[in-house]
Amino acid sequence: MLHPCLSCGACCAFFRVAFHWSEADASLGGVVPPELTETLDPHRLVMRGTQASRPRCVALQGVVGEAAHCGIYERRPSVCREVEPSWEFGRPSAQCDKARLGHGLPVLTPEDWPVTAAGD
């Protein structure tokens, strides 16, 4: 089964992605590519494109609602790592639901996730 996020991308094109500047400072262990960020305030950066009136992260590749993925998945900011897709872990996600509805997509349900048999 294809992970539902790979046919979505709504969160990457709905929210401002703001995080502490140190996440893009390699000398401090940061991994976010600094060239994909811009300054929000003295303490935070944002992913380029996410401050627009119609946000879309510069790292998002593909078409929202069809086939989309993060071009820097392994190097994405902590705030992106913290977003949970609805029902992936047995509970809804207000962020996921809001972004999907904002793009005209139905919210995810428990049925969108495969159930694995015990011992798999």
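Residues numbered from 1 in each chain as written. Predicted model: local features only at pLDDT ≥ 70, side-chain atom pairs only at ≥ 80, totals over all residues. Heavy atoms only, no water.

- The name given to the protein chain in an unreviewed UniProt entry is Fe-S-cluster containining protein, with the source organism recorded as Dyella japonica.

**Describing the pattern of salt bridges**
Oppositely charged side chains are able to pair whenever their charged atoms sit close together.
No. 1: One pass over the structure, following the stated rule, counts three salt bridges.
No. 2: The salt bridge partner of Arg48 is Glu38, with a shortest N-O separation of 3.3 Å. One end of the pair, Arg48, is in the loop between strand E3 (44-47) and strand E4 (60-63); the other, Glu38, is in strand E2 (residues 37-41), with 10 residues separating them in the sequence.
No. 3: Relative accessible area serves as the criterion here: at 37%, Arg48 is assigned to the partly exposed category.
No. 4: Taking relative accessible area as the criterion, Glu38 reaches 27% and is therefore assigned partly exposed. (Salt bridge = Lys/Arg side-chain N within 4 Å of Asp/Glu carboxyl O. Helix = DSSP H or I, 4+ residues; strand = E, 2+ residues; numbered from the N terminus. Buried < 20%, exposed > 50% of the residue type's maximum accessible area, 1.4 Å probe, protein only.)

**What about the layout of surface pockets?**
No. 1: Taken as a whole, the largest pocket holds about 850 Å³ of empty space.
No. 2: Elements with a contribution of two residues or more to the lining of the largest pocket: strand E5 (67-70), helix H1 (78-82) and helix H2 (94-102).
No. 3: Per-element tally for the lining of the largest pocket: the top contributor is H2, with four residues. (1 Å grid on protein atoms, 1.4 Å probe; cavity = no way out; pocket = protein on both sides within 12 Å on 5 of 7 lines; lining within 4 Å. Points joined across faces, edges and corners; volume = space filled by probe spheres on them.)

**Observations concerning the environment of Glu38**
No. 1: Through-space distance from the C-alpha of Glu38 to that of Pro4 is 29 Å; in sequence the pair is 34 residues apart.
No. 2: In this view, Glu38 contacts Leu45, Val46, Arg48 and Gln51; residues no more than four positions away in its chain are not counted.
No. 3: Within the local environment of Glu38, its side chain forms a polar contact with the side chain of Gln51, the two groups lying 3.5 Å apart. (Contact = heavy atoms within 4.5 Å. Polar contact = N/O pair within 3.5 Å; in protein donor to acceptor, adjacent residues only side chain to side chain.)

**Details of the packing of aromatic side chains**
No. 1: Going through the model one piece at a time under the given rule, you end up with one aromatic pair.
No. 2: With a centroid separation of 5.0 Å and 80° between ring planes, the pair formed by Phe14 and Phe15 is classed as edge-to-face.
No. 3: The side chain of Arg76 reaches across the aromatic face of Tyr73, ending 3.8 Å from its centre. (Phe/Tyr/Trp six-rings, centres within 6.5 Å; stacked < 30°, edge-to-face > 60°. Lys NZ or Arg CZ within 6 Å of the ring centre and 35° of its normal.)

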